[in-house]
Every structure is written in structure tokens, then in C-alpha cells.
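Coordinate inspection notes
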Amino acid sequence: MPPCCLPTLGVDDIEAFIAAAGASNAIAPDEGCDGTNALLLSLPTEIGFCFGPGSFAAHRATARAVGGAMAIVNRPGLAYDLDTPQDYARLPPGFGGAA
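Residues numbered from 1 in each chain as written. Predicted model: local features only at pLDDT ≥ 70, side-chain atom pairs only at ≥ 80, totals over all residues. Heavy atoms only, no water.

**Some details on the overall build of the chain**
Under the convention used in this document: Going along the chain from the N terminus, every DSSP run of H or I of four or more residues is numbered as a helix, and every run of E of two or more is numbered as a strand. Remark: exposure states derive from per-residue accessible area (1.4 Å probe, protein chains only) relative to the maximum for the residue type, with buried under 20%, exposed over 50%, and partly exposed in between. Contacts were defined at the residue level, with two residues in contact if any of their heavy atoms lie within 4.5 Å. Every accessible area reported is derived by Shrake-Rupley at a probe size of 1.4 Å, with residue values counting cover from the shown protein chains alone.
Helix and strand content of the chain: 4 helices and 3 strands. Starting at the N terminus, the α and β elements of the chain follow one another as α-β-β-α-β-α-α. Residues classed as buried in the chain amount to 32% of the 99 residues present. Taking contacts inside the chain between residues at least 6 apart in sequence as the whole, the part at least 24 apart equals 46%. Summed over its atoms, the accessible surface of the chain is roughly 5800 Å², and 62% of this surface lies on carbon and sulfur atoms.

**Digging into the sheet that holds strand E2 (residues 36–40)**
Stated precisely, the cut-off is as follows: For two strands to pair, DSSP has to find at least two bridges joining them. A fitted line through C-alpha atoms represents every axis, and for helices the fit uses only the stretch in contact; the resulting angles, taken between N-to-C directions, go from 0 to 180 degrees.
Spatial strand order, E2-E1-E3: 3 strands in an open sheet with mixed pairing. In the strand order of this sheet, the two ends are held by E2 and strand E3 (70–72), each with one partner. This sheet shows a mean twist of 20° between the axes of neighbouring strands, independent of strand direction. Pairing between strand E1 (residues 25–29) and E3: 3 bridges, direction parallel. Its bridge partner lying in E3, Ile 27 is registered against Ile 72.

Take a look at the structure:
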């Protein structure tokens, strides 16, 4: 079962995310490209963790500031997260009793 905040996340999404990172870093934004839904960092790194609104831009800015490459991965399974009542209303049938 996928993580509860990314209900449509699939193996293909994870494989694409890891492949995009290569030997570097990768980030997956939420649907509005505001928050960060997945972050893969090569260690050691100077890129810190950011949370909440604006975290996508903050992660990218931090990566640029320290000279780190950051692949952006846009996939529906990584972008659709459950943050608001509207997000829950959009759940596919069979998830948590949604019709």
C-alpha cells in the first residue's frame, strides 16, 4: 500500500524518481509546484530539509546556492498528495471509502 499522503504512488513513480536522480539529487513537487512531495539527496550534502508552502522553491534555491544539481520529476503519482479536504474528495474509488 502506498504512503497515505501519496495515495496513487506506484513502483513506476519511484523507479522514475530514482533514475532521474542518477548520482545526484531529485525533487518531486506537489501539483501546484509549491510543496515538496519527494526529495532524494546524495550524501554528503549541504541541502537541508524544508517543509510546508514554498518548500519546492526553497529546496531548489538551496541546491543552486551550494552548486548542487537537482532533477525535477513531475509524475502524477508523486504530485497528488492529501493536504486539504478537496484533495481527499478527489481520492480514486476504493481509497478510504471514497465513492
